[in-house]
Amino acid sequence: MAKDITVATSGIASGVFERPERGRSAAFLRQAGILIRRNPLGFIGLLIIVVFGLIAIFGPWIAPYGLNDFKAGDPNAGMSAHNWFGTDAIGRDTFSRDVYGARISLSVAFISVLGGAAIGTAFGIISGYSGGTLDSFIQRSVDTFIAFPSLLLLLIIVQALGPSQRTVVLAIMLGIIPGVTRVVRGAALAEKHNQYVEAARSIGASTPRVLFRHILPNVLALAIVIMTTLLGFAILTEASLAFLGLGVPEPAASWGRDVSAARNNFPLQIPAAFFPGAAITLTVLGFNLLGDAIRDIADPRLRGSQS
Amino acid sequence: MQTFILRRLMIGVVILFFLSIIVFVLLSVVPGDPAKQRCGLSCQGDQIAAIRHSLGLDKSRFPVNVTGNPPFVEFHKNSQYGDWLRDVVTGDLGESQYFHQPVTKAIRNRLPVTVELMVLTMVLTILVGIPFGVISALFRNSPLDYVVRLTSIFGLSVPSFWVATLVLIVPLALWNYSPPLGRTVGFTHDPIGNLKQFTPAAAVLALGSAAGIMRLSRSSLLEVMRQDYMRTARAKGLRERVVVLRHGLKNSLIPIVTVLGLQVAGLLGGSLIIEQIFTLPGLGQYTFIELFNKDFPVVQTMTLYIGVVVILLNLAVDVSYAWFDPRIRYS
């Protein structure tokens, strides 16, 4: 039961859920209804993510002005019917820039989290399964990264490689790997002693086969659960880097950089600072709410304490 | 106990060694020549070479280098890493290229600012996080619980630089008020002026950590409430307050203290941004400026010191477990 529900939500989240047959679609809807009633906050989170996802995909059709359209309005104009969120110092439309910002924010977050979680999961499985020297080497490396403000490390990485979208993705990925490695290692350590591993070994399965065909599927649910929350983390990190001037460079629009630009603008434009930050908060909130809900569903042991 | 601490310290040294190598390798690929940046625009080739020499940039980066030809490794007696390590160990940190000031002096001047910010943030985190977490757990599924849980998840989602920006610009735009920026006033000299300066920054920084502690103390206390000894405590007629605080909260403190220790690393990272925004002249701001001006020996030293602080704090946290739970013995 619990497993079915997990599959259902991950299907919804990734948008690849196949259309069920007639009889099953009613059952699916009923199940979704139960799920929503049990986890209203998670459903709200999912809605927020879907809305921002649509904004990111259909940005150019939604934004009334171009990303760097200097003639969108008078410079430093306030909120009006013409420019919903006002304009910045050089007359660019804040609303349009916020819409375009969703693209950078979400694409950077998705790519870095997918990459980071994949690498971290691989390291975690190997570390947990192998034990011995390799395990302690990987774990000490993880300790190194965890014993350290990740933001400073990311700043050093971006400064070292020069700010670009690729660098930002790489830096956030590196920030994600240690945590995922640590969590997945724990799970792999627990799986290692199960009988199915012994059975696979006894019919002569090679170590890579045991790792990736037998242990991986069993720790995958856990990896997906942490990925949802990590997406929020990635968005916050991208925004922080951009705020400090080390994010995805111009001409791309980034929510974090726009907050920073509004801060240094005179006369002060509160809407120009407020709305990009509100967009960051809402998106991260969406991922956190959904992440909580997925964890509740995936880990029935926690259900009592969380809901 | 001693062996435990000793072993942890040894692991700590290994971690710091890893850290220094990682940071050194990263910084060695940074584009731009610090010597050229220091020299200015109208600069001749031999002048740059002279500056490179005086900064030690013409030396090999590591004492051991891997080469393409047999015997595949070459050793250097003088290397940038070796020099830096010696300087850090002997405490002679040289001069900042940007501030033209000894690094030791800068650290001495700026350390109190960062320490005060951290202490204030931690105090706010504990004072807000734990009580609200306990209330939320006690009145589970009540409207109050929902308010606390929503607030905490909101606190985890909000970017601190945005809140800090709004805290500064909204009062400025509406009432033309701004907290005192720039130079700090000592706490002993002018406590009120000092707190006026630090409290907004600490409150913004504490937002995320307090939210995390709120959630954690709620779930941790709920977990403990299910234990048999809680029923026993009630059954023998203890007052509810004693049951919750002495039996419940004390036993749920271990994960809370662990996470508080782990949060320090994140808060030090956050101080980079917050000190920058509130123009507090602390170590975070210093590290950030030096990183931007490609003054790498200083950045390396700062990262190492931050690593030392975090490792020692986490060790202190682990040692404190024995105090919270006498069953834990390190042997």
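Residues numbered from 1 in each chain as written. Chains lettered and ligands numbered in written order. Predicted model: local features only at pLDDT ≥ 70, side-chain atom pairs only at ≥ 80, totals over all residues.

## So, the overall build of chain B
Looking only at helices and strands, chain B features twelve helices and four strands. In chain B, buried positions account for 35% of the 331 residues. Look at the contacts in chain B between residues 6 or more apart in sequence, and 66% of them connect residues 24 or more apart. (Helix = DSSP H or I, 4+ residues; strand = E, 2+ residues; numbered from the N terminus. Buried ≥ 20, exposed ≤ 12 C-beta atoms within 10 Å, placed from the backbone. Contact = placed C-beta atoms within 7 Å.)

## Some remarks on the overall build of chain A
Scanning chain A from terminus to terminus reveals 13 helices and zero strands. Taken from N to C terminus, the helices and strands of chain A fall in the order α-α-α-α-α-α-α-α-α-α-α-α-α. The buried share of chain A, taken over its 307 residues, is 48%. Restricting the contact set of chain A to residue pairs at least 6 apart, pairs at least 24 apart contribute 70%.

## Things to note about the confidence of the model for chain A
Residue and element names in this part refer to chain A. Here chain A averages 78 in pLDDT, and 81% of its residues register 70 or above. No element of chain A has a lower mean pLDDT than helix H1 (residues 2-14), which averages 43, and none a higher one than helix H5 (residues 94-130), which averages 87. In the model, residues 1-17 has pLDDT below 50 throughout and makes 16 contacts with residues more than four positions away in sequence or in other chains. Below pLDDT 50 for its whole length, residues 302-307 participates in ten contacts with residues either more than four positions away or in separate chains. (pLDDT = per-residue confidence, 0-100.)

## Considering the interface of chain A and chain B
Residue-level contacts link 38 residues of chain A with 42 residues of chain B. When residues of the side of chain A that touches chain B are traced back to their parent elements, those giving at least two are helix H6 (132-146), helix H7 (150-161), helix H10 (207-243), helix H11 (255-263), helix H12 (270-298) and helix H13 (300-306) of chain A. If one sorts the elements of the side of chain A that touches chain B by residue count, H12 of chain A sits on top with ten residues. Looking at side-chain class alone, the side of chain A that touches chain B contains 23 nonpolar, twelve polar and three charged residues. (Nonpolar A, V, L, I, M, F, W, Y, C, P; charged D, E, K, R; others polar.)

## Points about the environment of Val310 of chain B
Residues and elements named next belong to chain B. Secondary-structure assignment places Val310 in helix H12 (residues 296-324). For Val310, a count of 23 C-beta atoms within 10 Å gives the class buried. Residues Val310 and Lys196 lie 114 residues apart in sequence; the distance between their C-alpha atoms is 28 Å.

## Let's talk about the environment of Asp292 of chain A
Residue placement: Asp292 of chain A occurs in helix H12. Separated by 251 residues in the primary sequence, Asp292 of chain A and Leu41 of chain A have C-alpha atoms spaced 8.8 Å apart.

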